[in-house]
Amino acid sequence: MPHAEKPIARLAGAVKRYGSLTALDGAELQVHPGELLALLGPNGAGKTTAIALLLGLVRADAGSVQLFGEDPQSIEPRRRIGVMLQHAELPPTLRVGELLRLTASYYPNPRSLQESAALAGIGDLLRRPYAKLSGGQQRRVQFALALCGRPELLFLDEPTVGMDIDARQKLWAAIRQLIDEGCAVLLTTHYLEEAEALADRVCVMSHGKVIHEGTVETLRARVAQKRIRCRTTLPAELIRDWPGIGEVRQENGRTYIVTAEAEPVVRRLLEADPQLGELEVQRAGLAEAFTELTRDADEASTNPQREAA
Amino acid sequence: MDIVMTEAPVSFPATMPRRRVLGAYLEEARSECLRYMRSPSFMLPIMLFPAMFYLLFGVLMAKSNGADAARYLLASYGVFGVMSPGLFGFGVSLALERDSGLLTFKRALPMPPGAYLIGKMIMAMAAAAGVVVLLLAMALTLGHVTLAASQAAALLLVGVLGVLPFCALGMFVGTLFKGQGAPGVLQLVYLPMSFMSGLWFPLPMLPKFLQQIAPIWPSYHLDMLALAAVGMNTQPLLGHVLVLLAFAAGFLLLAARRLRRHG
């Protein structure tokens, strides 16, 4: 897909092996200025390795890795990013303000302490030692550290793990605010609603490869299942014979139908049963789309893996 | 098209003025000092063990042997005290931070290269200075040792610089063992080495064999410098300085190689 702007972070044919394990197997990934790209995939799909390559923590065995057009292992491109990692225990005896001051000192043009604290909602925690904070508060502090350098690209690795719903909503709002200011975000998450709520584009990874890339809409459309629910007297066997029907089941007096295209089925349902009630049509959520995609990839990858073994 | 750069939407220089880079080094050192000075589980053993030993052997039991014994043991327990911030401050904290993800986080951030290690080094030097000052105070008051100001300053200098070879050794051990395994290994290095270099009991009181192999321990060489500082060693010192330098450089290189390979 041609894009007007040059990507600010890019993996091209990136391969990374750990011993006999191939963590990344020719991954392609691009982050463009100002967008939020969500990286999804089951554990072991290669998300963490992809991030580690883009942060310059490990070197690719093959392919190219670029951050702002440069090697991420050099410090200059990293002065334009902010980082929130999933597992990072910060020094317990340092106060929040001191952590912020230290991290901001690494950047050429950081935000003021107050601005960073306000954006992350930790203005009241600045004098508290890090170890005395709750898990959710610690995540918010880590988010403040990620944004304090006024980054153009933010890496957020599972940012809302351990947060309650209220804290999560606040973090989402803060992320949206940063995007409005022109900051791009690469988000890894296994909360699909998080990707749905925030992402412009999603990348689904499986077995070290990117198996789907596109908008949230196209990911849903790729598994274009719709779910119809209604109360009807029509027997399930009858509906099952109609064209384009995926699955029909009846439970507690309601009929559930899965189909690729809902409109003709609904029309036919209404024609066949004028008494039909409680009609509801739903598009499949990202969760279903995602499960389907990774299952397909699992099936596809079993054969070549056997050859390799 | 890969070579053509488009203008970034918000444009400010990603290059850092030299003053801000220096500032980052200072912040790192400041944070490192603050976090350990506030941590009693780190500071207490470092300060208390040498102080307790000195009080027992250097002040109370040395009374019968006169002020020279107190003076001699000031140097050796000073060296004993200086070793631990190097080994533990550097080695254990590196091992723990490799395990806890803090080192990974810092490597992802645009922290100036070297700031992490230099910060820890300065912290270890500050802690070493603290130990030497504490022992000096005990020697001058309780031990009735008389020292010229220049001798006290020389001992302080030996302590502050002498911690560096042990930082390098601690760093190397810290790259070999992750997490909680490192403290135990470092104890196994620290205590026997102190004993065999004559830091607990003067070397002439140890078995002949131990006396002969003492020059392989870096702590022996540092002890020679510390004894010279308090006026109890008039032998040439250059050899000891060179051994310590070589020792520090060797372990630093080994550690740097392991860090680069294994992170």
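The shown structure was predicted, so the numbers you read here are calculated from the model rather than taken from an experiment.

Describing the confidence of the model for chain A
Residue and element names in this part refer to chain A.
Then, in step 1: This prediction gives chain A a mean pLDDT of 87; 94% of its residues lie at or above 70.
Then, in step 2: Considering each helix and strand of chain A separately, the mean pLDDT is smallest for helix α11 (residues 286-308), with a value of 62, and largest for helix α3 (residues 96-104), with 97.
Then, in step 3: When the criterion is pLDDT under 50, residues 303-309 qualifies, and its contacts beyond four places in sequence or with other chains add up to zero contacts.

Regarding the UniProt feature "transmembrane region" (unreviewed entry) in chain B
Residues and elements named next belong to chain B.
Then, in step 1: Here the UniProt-annotated "transmembrane region" (unreviewed entry) positions come out as residues 42-62, 74-96, 117-140, 152-173, 185-203 and 237-256.
Then, in step 2: Segment residues 152-173 splits into 100% helix and 0% strand. End C-alpha atoms: 32 Å apart.
Then, in step 3: Note that residues 237-256 is 95% helix and 0% strand, and that its end C-alpha atoms are spaced 29 Å apart.

Focus on the interface of chain B and chain A
Then, in step 1: Across the boundary between the two partners, chain B contributes 31 residues, which contact 32 residues of chain A.
Then, in step 2: Listed by contribution, the elements that provide at least two residues to the side of chain B that touches chain A are α1 (18-37) and α4 (102-108) of chain B.
Then, in step 3: Of all the elements, α1 of chain B adds the most residues to the side of chain B that touches chain A, at eight residues.
Then, in step 4: Here the residues of the side of chain B that touches chain A sort into 17 nonpolar, eight polar and six charged.

Concerning the pairing of strand β13 (residues 277-283) of chain A
Walk down a regular strand and you will see the side chains alternate between the two sheet faces.
All names here are of chain A.
Then, in step 1: Buried residues are scarce in β13, accounting for zero of its seven residues.
Then, in step 2: As paired elements, strand β10 (residues 226-231) and β13 share five bridges and run antiparallel to each other. Bridging from a neighbouring strand, Arg229 pairs with Glu280 of β13.

Concerning the confidence of the model for chain B
A low pLDDT score tells you not to read the predicted coordinates there in detail.
Residues and elements named next belong to chain B.
Then, in step 1: Taken as a whole, chain B shows an average pLDDT of 88; of its residues, 94% reach a score of 70 or greater.
Then, in step 2: Low pLDDT, under 50, characterises residues 1-12; the predicted model gives this stretch 12 contacts beyond four residues in sequence or across chains.
Then, in step 3: Model confidence for the complex is summarised by a pTM of 0.83, with the ipTM given as 0.86.

Notes on the domain arrangement of chain A
Then, in step 1: Domain annotation of chain A identifies domain 1 (1-80 + 152-160 + 179-223) and domain 2 (225-283).
Then, in step 2: Taken over C-alpha atoms, the centre of domain 1 of chain A sits 40 Å from the centre of domain 2 of chain A.

Thresholds, definitions, all that
As a convention, each chain's residues are numbered from 1 in the sequence order in which they are written. Going through the entries in the order they are written, you letter the chains from A and number the ligands from 1. Reporting in this predicted model follows two pLDDT cut-offs: at least 70 for local features of residues, and 80 or more for side-chain atom pairs to be given and counted; totals over whole chains, interfaces and linings ignore these cut-offs and use all residues. Confidence scores per residue from the predictor, reported as pLDDT, run from 0 to 100. Going along the chain from the N terminus, every DSSP run of H or I of four or more residues is numbered as a helix, and every run of E of two or more is numbered as a strand. Our contact criterion uses C-beta atoms placed from the backbone: two residues qualify when those atoms are within 7 Å. UniProt positions are given in the numbering used here, feature names are shortened, and annotations may be inferred rather than shown by experiment. Lys, Arg, Asp and Glu make up the charged group, whereas Ala, Val, Leu, Ile, Met, Phe, Trp, Tyr, Cys and Pro make up the nonpolar group; the residues left over, Gly among them, are polar. To sort residues by exposure, count the other C-beta atoms lying within 10 Å of each residue's C-beta; 20 or more gives buried, 12 or fewer gives exposed, and values between give partly exposed, all with C-beta atoms placed from the backbone. A strand pair is defined by DSSP finding two or more bridges across the two strands. What marks off one domain from the next here is an automatic or database domain assignment.

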